[in-house]
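Residue strings, one per chain:
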Amino acid sequence: MNRRIAIVGVLLVVFALRASAYDFAVRLSYGDSLFFTITSRSGLQVKVVAPNPDGADYYRGHRQPQGVLTIPGEVTWDGQKYTVTAIGERAFSGCSGIRTVSIPETVRDIEGYAFYSCTGLRGTVIIGENIESVGASAFYGCPLVTEVIFRARRCRQMGGSMSGTVFGNCRSLRRIRIEEGVRMIPDYAFCGLDALSDTLTLPSTLETIGEYAFAYCSSLKGRLVIPDRVETIGECAFHQCHSFTALELGSSVGLIEGRAFYHCIGLRHVKVKSFAPPIMQSTSFAELRKGVGFSVPCVSKRLYMRDDDWHALGPFTTHGGCKFAVKAALQEPEAGSIEGGGYYGYGDSVKLTVVCAAGYGFDGWSDGVRENPRRFAASDNVVLQALTRPSGTQVIRDTVTLVDTVWSEGLKVIRDTVDLSEVAQSINNIKEVTFDAAQKVLSWKLKRGEAVLSVSLYNQQGECVYTGNGRRGRVDMRRRPSGSYIVRIETLSRVIRCRFFMNNSDNSYRF
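So, how was this worked out
- Residues numbered from 1 in each chain as written.
- Predicted model: local features only at pLDDT ≥ 70, side-chain atom pairs only at ≥ 80, totals over all residues.
- Heavy atoms only, no water.
- Pairing = 2+ DSSP bridges.
- Helix = DSSP H or I, 4+ residues; strand = E, 2+ residues; numbered from the N terminus.
- Disulfide = S-S within 2.5 Å.
- Buried < 20%, exposed > 50% of the residue type's maximum accessible area, 1.4 Å probe, protein only.
- pLDDT = per-residue confidence, 0-100.
- Contact = heavy atoms within 4.5 Å.
- Axes fitted to C-alpha atoms, helices over the stretch in contact; angles between N-to-C directions.
- Phe/Tyr/Trp six-rings, centres within 6.5 Å; stacked < 30°, edge-to-face > 60°.
- Lys NZ or Arg CZ within 6 Å of the ring centre and 35° of its normal.
- Salt bridge = Lys/Arg side-chain N within 4 Å of Asp/Glu carboxyl O.

A. Structural detail: the sheet that holds strand S38 (residues 495–502). Taken in spatial order, the 5 strands of this open sheet run S31-S38-S37-S34-S35, and their pairing is mixed. Strands with a single pairing partner mark the edges of an open sheet, and in this sheet they are strand S31 (425–426) and strand S35 (464–468). Of the strand pairs in this sheet, strand S34 (residues 452–458) and S35 are connected by 4 bridges, and their pairing is antiparallel. Bridging from a neighbouring strand, Val455 pairs with Gly468 of S35.

As C-alpha cells, then:
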C-alpha cells in the first residue's frame, strides 16, 4: 500500500514538472497574461512560451490572448528586469482570437509554430530588423494575413524546408515588402506563396538570395530586378515563378545556381548587367518559352558567346555603350591637372598622367596605386582620384629650349615632376645603369626584350632637363652643370629611379 502511494506521489511530481512550461507569468495592462521562461539568468533574458507544454490546447486552463497582442520588450519579475529576446515554439499556436501582433525589436528568434493557425490574425505581419531566425511554420495557416513587411537585416533561417514554410497556407497573403537594409533572403523564406500577386521589389542593400527563397510564387508578376549588390542567387530561388515578364540581373551577380529560374514561362526578356558571364548551370534558365531575349553588356558580348552555358541562350542583343568610361580627377583641383582618360574599348591601353602645379607633389591614387604615369588595359568603367601633397617641386610645362638637341633628341620635355626629397637609390646600387665620371656619359643596359618607353633627367631643383625614348642607351653629360641628378627610366613593367652626382672638374666622382 505504501509502495502504491509512493509511486502515485512520484507520478504527481513528474506531472507537475511537465505541466510547468513557464517560470513566471505577467499580466499586461489590457488584461492578457503572457508566460515566460528564463533563457539566461546572467544575461537577464526570457522568451515568451505557452502555459502548457504539450497537447492540442496549449492554453488549457488559461485565457488565450485576444485582439491586439503587444509583446513587451522588457518584463519585471521578482524585482528583476528581463529582456524579451525570443518567442518560443507554439507560444501562441491556435490562438484564434488574436487580431494583430506587435513584436518588439528586442526579439531575435521566432521559434517554430509560434503563431501557427492563428486564424483571426489579419492584415500586416512585421518581421523586425533584429530577427535572426524564424522557425518552421511560424505563421502557417493564418488565412487573413494580407501583407508581410520584412525588415530583418541578417536573418539566417526561415522555415528551412518545403514542408515547414513560414507562411504556408496563408491564402490571402498578396504582398511582401522587403525594406532597405536587408542583406539576405534566407532559404525557403517565402516559398510556396501562390497567392502573392503584387510585383516584388528587392532592396538595393540585398546581397544574397537563398535556395527556394521565392519558389512556387506562381502569381508574382511584372518586372523582377535583382539589385546590383546581389552576388549569389540560390538553387531554385525563383523556381516556377510563372508570371514574371521581365528579369534584370544586377552587375555583381556572379553565381546563378541550378533551376534558379526554372520554368519561368512568363519571361519575355532577360537583361544581364554583369560584365563577366555569371557562373550558371544548364538548368538555371531551363524550360523557358521559346524566343526569350537575352541582353548582355555590349563590351562583353564576345565573353558570353564564348561561355558554353551562356552561348546556348543566344543570340544576344546588347545594351550600354561598347566603350568603358575611365575618369580621373584631382582631389584638389588647384593642384594641377590629369592627362588621359575618356572612353576605351575592351583591352585598350589606358595611360593617366598627373601633372602637378608648383607647390604640389603626386601622392598616389585613391585605390592605393602609386604609379605616375599609370597604365592599364581597359576592362571596366573606372573612376579614380589623384592625391597630392604640398611640395617644393618645380614643374616644367614647356619645351626646354636651352638644351641642345644632341641630348634632347629633338623631343619635347614630358610634363613630369620629381621630388628630390624622396629617396632615390644610388646609381651604384642599380646594375643596369652606370655613369662614367671620366667620360661624362650616363648609360643603361636592361634585360633582353625589356623595351624602354622613356628616359627623363632631373636636376637638383627638380626641373626636367632631358627626355628621350632611350633608343641610344646613353646620355652625354659633358655640357651639363655640376650637381646632383636623378634619372628616371620607364619600361613596360617597371620604373627605375636613381641618383648620381656629376662634377665637371678633374675630380669627378659618383655616389
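B. Local environment of the state of the cysteines. Enumeration according to the criterion identifies 1 disulfide in this entry. Here Cys298 is linked by a disulfide to Cys322, with a sulfur-sulfur distance of 1.4 Å. Taken together, the positions of Cys298 in the loop between strand S22 (293–297) and helix H2 (301–306) and Cys322 in the loop between strand S23 (316–319) and strand S24 (324–330) put the pair 24 residues apart, joining distant regions of the chain. The thiol sulfur of Cys118 is not disulfide-bonded, and the nearest other cysteine sulfur, from Cys142, lies at 5.2 Å. Unpaired in this structure, Cys236 has its nearest cysteine sulfur neighbour in Cys191, at a distance of 9.1 Å. Overall, the relative accessible area of 0% leaves Cys236 in the buried class.

C. Focus on the confidence of the model for the protein chain. Per-residue confidence for the protein chain gives a mean pLDDT of 85; residues scoring 70 or more make up 87%. Confidence over residues 1–19 falls short of pLDDT 50; this stretch has 4 contacts with residues more than four positions distant or in other chains.

D. The arrangement of unusual backbone geometry in detail. Here Gly314 and Pro315 are connected by a cis peptide whose omega angle stands at 5°. By secondary structure assignment, the location of Pro315 is in the loop between helix H3 (308–311) and S23. In this chain, Asn372 is followed by Pro373 through a cis amide linkage whose omega measures 0°. Mapped onto the secondary structure, Pro373 falls in the loop between strand S28 (360–365) and strand S29 (374–377).

E. Main features of the sheet that holds S28. Read from one edge of the open sheet, 4 strands run S26-S24-S30-S28, paired in mixed fashion. Bordering the open sheet on either side are strand S26 (342–344) and S28, each of which pairs with just one other strand. With direction set aside, neighbouring strand axes in the sheet form an average angle of 30°. Strand direction decides the pairing type here: S24 and strand S30 (residues 382–390), joined by 5 bridges, are parallel. Bridged to Val326 within S30 is Val382.

F. Representation of the pairing of S38 within the structure. Pairing between S31 and S38: 2 bridges, direction parallel. When the sheet's bridge partners are listed, Ser426 is paired in S38 with Arg499. With 8 bridges connecting them, strand S37 (residues 483–491) and S38 associate as antiparallel partners. Each bridged residue has a counterpart across the sheet, and for Ile486 the counterpart in S38 is Arg499. The hairpin turn running from S37 into S38, its antiparallel successor, is 3 residues long.

G. How the structure looks around the packing of aromatic side chains. According to the stated counting rule, one finds 27 aromatic pairs in the structure shown. Judged by centre distance (5.6 Å) and plane angle (85°), the rings of Phe150 and Phe190 are edge-to-face. In this pair, Phe150 sits in strand S11 (residues 144–150) while Phe190 sits in the loop between strand S14 (184–185) and strand S15 (208–209), placing the two residues 40 residues apart along the sequence. When sorted by exposure, Phe150 lands in the same class as Phe190, which is buried. Ring geometry for Tyr304 versus Phe316: centroids 6.1 Å apart, planes at 70°, classification edge-to-face. Taken as a pair, Tyr304 in helix H2 and Phe316 in strand S23 lie far apart in primary sequence, 12 residues in all. With respect to class, Tyr304 is no different from Phe316; both count as buried. Here the guanidinium or amino end of Arg90 rests over the ring plane of Tyr113, the centre of that ring lying 4.2 Å away.

H. Broad picture of the pattern of salt bridges. Counted according to the given criterion, the structure contains 22 salt bridges. The shortest N-O distance in the salt bridge between Arg63 and Asp32 comes to 2.2 Å. Taken together, the residues Arg63 in the loop between strand S3 (45–49) and strand S4 (67–70) and Asp32 in the loop between strand S1 (24–27) and strand S2 (33–40) connect sequence positions 31 residues apart. Judged by relative accessible area, Arg63 falls into the exposed class, the value being 53%. Overlapping salt bridges bring together Glu147, Arg151, Arg175, Arg177, Glu179 and Asp198 as one network.

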